[in-house]
Amino acid sequence: ANRVLCDAGLRGCANNWAKGFSSEKEGVNRAADVVRREMERSDRVDALLSFAAGAGGTGSGLGCAFHSCFSDDNPKIRPLHCVVLPDRQGDVAVGSYNATLTLNHLSKDAKR
């Protein structure tokens, strides 16, 4: 059966990475709580696999914020963050900038 684990009720971030990363802390915390509850129901959790778009503001900025929140709260669990990158032309003018910010942030998190 399909089920919705989390509907954060967030609006889009208008392709703005910084807005997605910094202004939606309530949504990040809500999503982290859902993941935490699912982990508590499991016998063992070795890693968390998450997917996010790399070009838009919501997927890239909010995805990075969630990744950081999860990594800080669960240092023993390996986060695996898969980023869907834009093609060369992209759908939005700032897509390549958002993707660069995303990859930079995730690479810094990986070095901790």
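Higher on the page you've got the structure.
Position labels on residues start from 1 in each chain and follow its written sequence. Note on the predicted model: pLDDT of at least 70 is required for a residue's local features to be given, and 80 or more for side-chain atom pairs to be given and counted; whole-chain, interface and lining totals, by contrast, use all residues. Each side-chain value is derived from all of the structure's non-hydrogen atoms; neither hydrogens nor water enter the calculation.

Enquirer: Any chance you could break down the pairing of strand β2 (residues 78-84) for me, citing the residues and the numbers?
Expert: Strands qualify as paired when DSSP identifies two bridges or more between them. Secondary structure follows DSSP: runs of H or I at least 4 residues long count as helices, runs of E at least 2 residues long count as strands, and numbering of each begins at the N terminus. In the sheet, strand β1 (residues 47-53) pairs with β2 via seven bridges, with the strands oriented parallel. Note that in β2 the partner of Ala-47 across the bridge is Arg-78. Orient the strands so they point away from the viewer; a crossover is then right-handed if the path from the first strand over the helix to the second runs clockwise. Where the polypeptide runs from β1 across helix α3 (residues 57-73) and back to β2, its parallel neighbour, the crossover connection is right-handed.

Enquirer: Summarise α3; cite the residues concerned and give the values.
Expert: For a helix, the expected span equals 1.5 Å multiplied by the number of residues minus one. A rise of 1.5 Å per residue sets the reference length of α3, with its 17 residues, at 24 Å; its end C-alpha atoms lie 24 Å apart and thus fit the reference within 8%. Judged by how many residues are buried, α3 sits mostly within the fold: 13 of 17 residues are covered. The cut-offs for exposure are 20% and 50% of the maximum accessible area for each residue type, with area from a 1.4 Å probe on protein chains only; residues under the lower value are buried, those over the upper are exposed, and the others partly exposed.

Enquirer: Could you give an account of the environment of Thr-102, naming the residues involved and the relevant values?
Expert: Its place among the elements puts Thr-102 in helix α4 (residues 95-110). Judged by its relative accessible area of 1%, Thr-102 falls in the buried class. The spatial distance from the C-alpha of Thr-102 to the C-alpha of Cys-64 is 6.6 Å, given a sequence separation of 38 residues. Whether two residues touch is decided by their heavy atoms; if any such pair falls within 4.5 Å, the residues are in contact. When residues no more than four places from it in sequence are discounted, the contact partners of Thr-102 are Trp-17, Gly-54, Ser-60, Cys-64 and Val-83.

Enquirer: Describe in detail the pattern of salt bridges, supporting the description with residues and values.
Expert: A side-chain nitrogen of Lys or Arg and a carboxyl oxygen of Asp or Glu constitute a salt bridge if their distance falls within 4 Å. If you walk through the whole model with that rule in mind, you get four salt bridges. Its salt-bridge partner being Glu-38, residue Arg-41 comes within 3.6 Å of it at the nearest N-O pair. According to the relative accessible area criterion, Glu-38 is partly exposed, its value standing at 24%. Of the charged contacts, one joins Arg-44 and Asp-46 as a salt bridge, the two residues approaching to 3.0 Å between their closest N and O atoms. Connected via shared salt-bridge partners are Asp-33, Arg-36 and Asp-73.

Enquirer: Break down the packing of aromatic side chains for me, citing the residues and quoting the values.
Expert: Between 30 and 60 degrees the pair is tilted, below 30 it is stacked and above 60 it is edge-to-face, where a pair is any two Phe, Tyr or Trp rings, Trp via its six-membered ring, whose centres lie within 6.5 Å. Evaluation of the coordinates by the stated rule reveals two aromatic pairs. Relative to Phe-21, the ring of Trp-17 has its centre 4.9 Å away and its plane inclined at 10°; by these criteria the two rings are stacked. Of the two residues, Trp-17 and Phe-21 both sit in helix α1 (residues 17-22), four residues apart, roughly one turn of that helix. Residue Trp-17 is classed as buried on the basis of its relative accessible area of 11%. By relative accessible area, which is 22% here, Phe-21 ends up partly exposed.

Enquirer: For the packing of α3 against α4, give the residues involved together with the corresponding values.
Expert: Axis angles are defined between N-to-C directions and span 0 to 180 degrees, where every axis is a line fitted to C-alpha atoms and, for a helix, only to the segment in contact. Where α3 meets α4, the axes come as close as 9 Å, and the angle between the chain directions of the two elements is 10°. In terms of orientation, α3 lies roughly parallel with respect to α4. Where α3 abuts α4, its residues Gly-57, Ser-60, Cys-64, His-67 and Ser-68 lie against Asn-98, Thr-102, His-105, Leu-106 and Asp-109. Think of it as three bins: nonpolar holds Ala, Val, Leu, Ile, Met, Phe, Trp, Tyr, Cys and Pro, charged holds Asp, Glu, Lys and Arg, and polar takes everything else, Gly as well. Here the contact of α3 with α4 is built from residues that sort into two nonpolar, seven polar and one charged. By the definition adopted for this analysis, an angle is roughly parallel if under 35 degrees, roughly antiparallel if over 145, roughly perpendicular if from 65 to 115, and oblique otherwise.

Enquirer: Provide a residue-level description of a nonpolar patch on the surface, including the pertinent values.
Expert: Note that patches include only residues with greater than 30% relative accessible area and no salt bridge, and the join distances are 9 Å for like charges and 5 Å for nonpolar side chains (Val, Leu, Ile, Met, Phe, Trp, Tyr). Reported accessibility uses the Shrake-Rupley method at a 1.4 Å probe radius. Residues are deemed covered only where the shown protein chains occlude them. A surface patch of nonpolar side chains, about 330 Å² in accessible area, is lined by Leu-49, Phe-51 and Leu-80. Mapped onto the elements, Leu-49 comes out in strand β1.

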